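Observations on the model geometry
Given next are the chains, with one letter for each unit.
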Amino acid sequence: MNHLKHLLVGFCLLIGSLVKADEGMWLPLLLQKMNEQHMKSLGMKISAKDIYNINTGSLKDAIVSFGGFCTGEVISSKGLVLTNHHCGFDVVQNHSTLEHNYIRDGFWAKNNGEEIPEKGLFVTFIVRIEDVTKQALSGVSVTMSESERQSAIDRNIAELRKNIKKESYQENFVRGFFEGNQYYLFVTETYRDVRLVGAPPAAIGNFGKDTDNWMWPRHTGDFSMFRIYAGKDNKPAEYAADNVPYVPKRSLSISLDGVKEGDFTLVFGFPGRTMEYLHSSAVDQTVRVNDPVKIAIRDKALAVIDDFMRKDETIKIQYASKYAGISNSWKKWQGEVLGLTQTNAVAKKKIYEAEFQKRVNASPAWAKQYGSLLGDLESAYAELEPLGRSRDYFNEIISRIELFTMAAQLNNALNAQGKNNYDATLARTKERLRDLYNEYNPEVDKKLFAVLMEMFYKDQPNEKMPAEFTQRAKESDFDFAKMAEQLFKETDLDDGEIILKALETDPAALLAKHKTDKANEVYLALVTGFSANTSGKLNEVQGRINKLQRTYMQAQMDVFKEKKFYPDANSTLRVTYGNVKGYNPRDAVRFDYYTYLDGLMDKYKPGDYEFDVPEKLRTLYQNKDYGPYGSNGKMPVCFIAMNHTTGGNSGSPALDAYGNLVGLNFDRVWEGTMSDINYDPSICRNIMVDIRYVLFIVDKYAGAGHLVKEMKLVHPKKK
Ligand code: ARG
Ligand code: GLU
């Protein structure tokens, strides 16, 4: 109780300035109105108009969505783009062979001719953003059902998109914000000829791998470079050998002065997804149910894969990227649980809700409109809990067992049979299966099946088990290794050669056979069981929650008028800002805000999979040969700040008070990954590579100084 009282006092002090400094992913077009003053008070020397202005060029013209999943920025007048190593990694992997191992050795094009085109890769610029809430919600009323509401909005959006002023080579889309209470239009320009210019070896670009991932102190040079190509008229054009380097409206200047503690930084990019306005019971469920379920399943999956990877070099290569993907979220969720627990996120949300209810009750109009909202949310989330738990078991386990992924792929083709999209679907299935089998080992999958299906059976109530599945389990005496052994014998799905060949020679016969394939029968029994027991009800409850959360979002904005609200991330362009700052991860431990090459060398383990250091880098270190990039005889590597970032902000530029590039965002600290749900300034930090380390690697390590010559380097502090 005392604890609660302390929190209450803290809350009252807080209520005057409800936005915690540094929290927020802001819409660039609203900066002037909402943030400029605050940004200047934190040290920013430029104006909101320098960041976003649709009439004259502004910093936003140098920012791109990189392939739709990361961020990149233009850093030369010849269309050179900087992003993360892990964002460009697939491209590097696709062009690596045993003779030209760009993953291991890095890649640097010596001239434009050597740059490598990548089919399907694109970058998107944002031309302008407009609030279209009024048009989008015209005719929408509270009495409409959710589906009526959605159709009305879809119709409005289709209508308004017909009349947009834009050039023929531009595109546009409309997206919902604040849980669908507001809508914004984006006019965009997408360039589809993007070529790989360079990437450091993985030993630099992914130094520390999974052990260091989501961790501070960090020493990863997580960057790669691409170039945008345009038609001769500088407009977007499909790939053509004679396309020319794109001349951007704006490219970023690069500061060689570094940052010190307290300095202002701004991160500009495309954050993917956050959930900052949930009811406390949703946060509680994440901590108590959903994250732990997913973590426990991945614990087992990762242990199985790791075991095989250690024993077999081929499996190690085949599963490396899969393993990194599974482990990335697994580690993030653990940090999330830790952070939410450590900062009493649920208790803080409850205090916030109590204040909300108090204000609502004090106004008859609000009481009528919002009086029962919190109670309704609480009971809806209580209904969701067991359903969400089954969903997580189902999704996590089904997607880890690749036999089921193969089955699902063939079912797609099967379902398209006799329809006019059959050929296209079959082609896609083939391509997808070829990729899947390339990185597939049936022994690993069999073990995953045994371990995970046992978990699926034992951890869930019997009534959730489809009868066919229980029957099969019974036939194997509930020995899931035995069940796996038997099933893998009966099916061909684990044999890529057979399946891919049959797909080429006689797809119709293969699909006919697939109908009675034993593994497919098990898969379909699980899918059917899940829809019968869970998904219908789950969708109904989730639909209700979506509507309640939308109302709650609007209610919070009505009731806490003194608070500045930012919309949850939705992969649209945002600005986040804050100061460079260390943190205390736990009692008596203080983390500084900078790392240096000395720290990287402390981690060096010769020959190690994660912590080996290339010889050339060791030599440069021994000779302190840092060129103009070192600082006081040391080579800075990474730094942290209070910018509120999330997945998708990978590759985002970190700008200084003057708008110069000082760092490249690539991660967050483990204790603070809960910023997706509840940002807390005490432990939430984003991690950036120092731009001087990037240039040092390009110039001194890779000998690609010609690229640095393209860039504009400045010394703002020496002005
Ligand atoms: N944690 C970062 C992100 O979420 C980096 C991931 C890539 N690095 C890795 N070791 N898996 O994307
Ligand atoms: N590594 C993440 C990404 O790929 C960014 C780090 C984060 O989630 O904050 O987008």
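In this report, we go over the structure that sits alongside the text. (Residues numbered from 1 in each chain as written. Chains lettered and ligands numbered in written order. Predicted model: local features only at pLDDT ≥ 70, side-chain atom pairs only at ≥ 80, totals over all residues. Heavy atoms only, no water.)

Quick look at the state of the cysteines now. This model, assessed by the stated rule, comprises one disulfide. The disulfide partner of Cys70 is Cys87, and the gap between their sulfur atoms is 2.2 Å. Here Cys70 and Cys87 share a disulfide; its torsion about the S-S bond, -75 degrees, makes the bridge left-handed. Residue Cys70 is found in strand 2 (residues 70-74), and its partner Cys87 is found in helix 5 (residues 85-94); the two are separated by 17 residues along the sequence. Taking the relative accessible area as the measure of exposure, Cys87 reaches 4% and is therefore buried. (Disulfide = S-S within 2.5 Å. Helix = DSSP H or I, 4+ residues; strand = E, 2+ residues; numbered from the N terminus. Buried < 20%, exposed > 50% of the residue type's maximum accessible area, 1.4 Å probe, protein only.)

Attention now goes to the packing of helix 16 (residues 402-416) against helix 23 (residues 518-559). With their axes 9 Å apart at the nearest point, helix 16 and helix 23 run at an angle of 90 degrees to one another. For the element pair helix 16 / helix 23, the angle class is roughly perpendicular. Counting all contacts with helix 16, which are made through Leu403, Phe404, Ala407, Ala408 and Asn411, the residues of helix 23 involved are Ala519, Asn520, Val522, Tyr523, Leu524 and Leu526. Here the residues of the contact of helix 16 with helix 23 sort into nine nonpolar, two polar and no charged. (Axes fitted to C-alpha atoms, helices over the stretch in contact; angles between N-to-C directions. Parallel < 35°, antiparallel > 145°, perpendicular 65-115°, else oblique. Contact = heavy atoms within 4.5 Å. Nonpolar A, V, L, I, M, F, W, Y, C, P; charged D, E, K, R; others polar.)

Right, let's get into the site of ligand 2. With respect to spatial proximity, the complete set of residues near ligand 2 consists of His86, Trp214, Thr645, Thr646, Gly647, Gly648, Asn649, Ser650, Phe666, Asp667 and Arg668. In this structure, an oxygen atom belonging to ligand 2 sits 2.6 Å away from a main-chain N or O atom of Gly648. Between an oxygen atom of ligand 2 and a side-chain N or O atom of Arg668, the distance comes to 2.5 Å. If ligand 2 stood free it would expose 290 Å²; the protein chains cover 88% of that surface. It is strand 20 (residues 661-668) that contributes the most residues to the shell around ligand 2, three residues altogether. In terms of residue class, the shell around ligand 2 is built from two nonpolar, seven polar and two charged. (Near = heavy atom within 4 Å. Polar contact = N/O pair within 3.5 Å; in protein donor to acceptor, adjacent residues only side chain to side chain. Areas by Shrake-Rupley, 256 points an atom, 1.4 Å probe, with all protein chains shown as cover.)

Glancing now at the pattern of salt bridges. Applying the stated criterion across every chain, the model contains 46 salt bridges. For Lys40, the salt bridge identified is with Glu36, shortest N-O distance 3.9 Å. In this pair, Lys40 and Glu36 both sit in helix 3 (residues 36-41), four residues apart, roughly one turn of the helix. Judged by its relative accessible area of 15%, Glu36 is buried. (Salt bridge = Lys/Arg side-chain N within 4 Å of Asp/Glu carboxyl O.)

Okay, the site of ligand 1 next. Close to ligand 1 lie His86, Asn206, Lys209, Asp210, Asn213, Trp214, Asn328, Phe666 and Asp667. Separating a nitrogen atom of ligand 1 from a backbone N or O atom of Lys209 is a distance of 3.5 Å. Between a nitrogen atom of ligand 1 and a side-chain N or O atom of Asn328, the distance comes to 3.0 Å. Protein coverage of the free-state accessible area of ligand 1, which is 340 Å², stands at 85%. Across the shell around ligand 1, the residue classes break down as two nonpolar, four polar and three charged.

A few words on helix 8 (residues 146-162). Its 17 residues give helix 8 an end-to-end C-alpha distance of 25 Å, which sits within 8% of 24 Å, the value for a rise of 1.5 Å per residue. Every buried residue of helix 8 is listed here: Arg149, Ala152, Ile153, Asn156, Ile157 and Leu160. Seen from one end, helix 8 has its buried residues packed into an arc of 135 degrees, which puts them on one side. Across from the buried face of helix 8, at angles greater than 90 degrees, the exposed residues are Ser147, Arg155 and Lys162. Where helix 8 is buried, its residues meet helix 7 (133-136), strand 7 (171-177), strand 8 (182-191) and helix 23. (Expected span 1.5 Å × (residues − 1). Arc of directions from axis to C-beta.)

Mapped onto the elements, Glu159 comes out in helix 8. Sequence separation between Glu159 and Phe530 is 371 residues, and the spatial gap between their C-alpha atoms is 38 Å.

A few words on the packing of helix 11 (residues 280-311) against helix 18 (residues 442-458). Between helix 11 and helix 18, the least distance of the axes is 10 Å, while the angle of their chain directions is 155 degrees. Our classification of the angle between helix 11 and helix 18 gives roughly antiparallel. As helix 11 packs across helix 18, the resulting crossing turns out to be right-handed. On the side of helix 11, the interface is formed by Ala296, Ile297, Lys300, Ala301, Val304, Ile305 and Phe308, while helix 18 contributes Glu443, Val444, Lys447, Leu448, Val451, Leu452 and Met455. Grouping the amino acids of the contact of helix 11 with helix 18 by side-chain chemistry returns 11 nonpolar, no polar and three charged. (Left-handed = near helix turned anticlockwise from the far one by under 90°.)

Going through the model one piece at a time under the given rule, you end up with three cavities of 30 Å³ or more. By volume, the largest cavity is sized at about 80 Å³. Ser390, Phe394, Phe456, Gln460, Lys464, Pro466, Leu526, Gly529, Phe530, Asn533 and Thr534 together form the lining of the largest cavity. Among the secondary structure elements, those contributing two or more residues to the lining of the largest cavity are helix 15 (373-400) and helix 23. Ranked by the residues each element gives to the lining of the largest cavity, the list is headed by helix 23, at five residues. (1 Å grid on protein atoms, 1.4 Å probe; cavity = no way out; pocket = protein on both sides within 12 Å on 5 of 7 lines; lining within 4 Å. Points joined across faces, edges and corners; volume = space filled by probe spheres on them.)

By themselves, these are just geometric observations and shouldn't be taken as functional.
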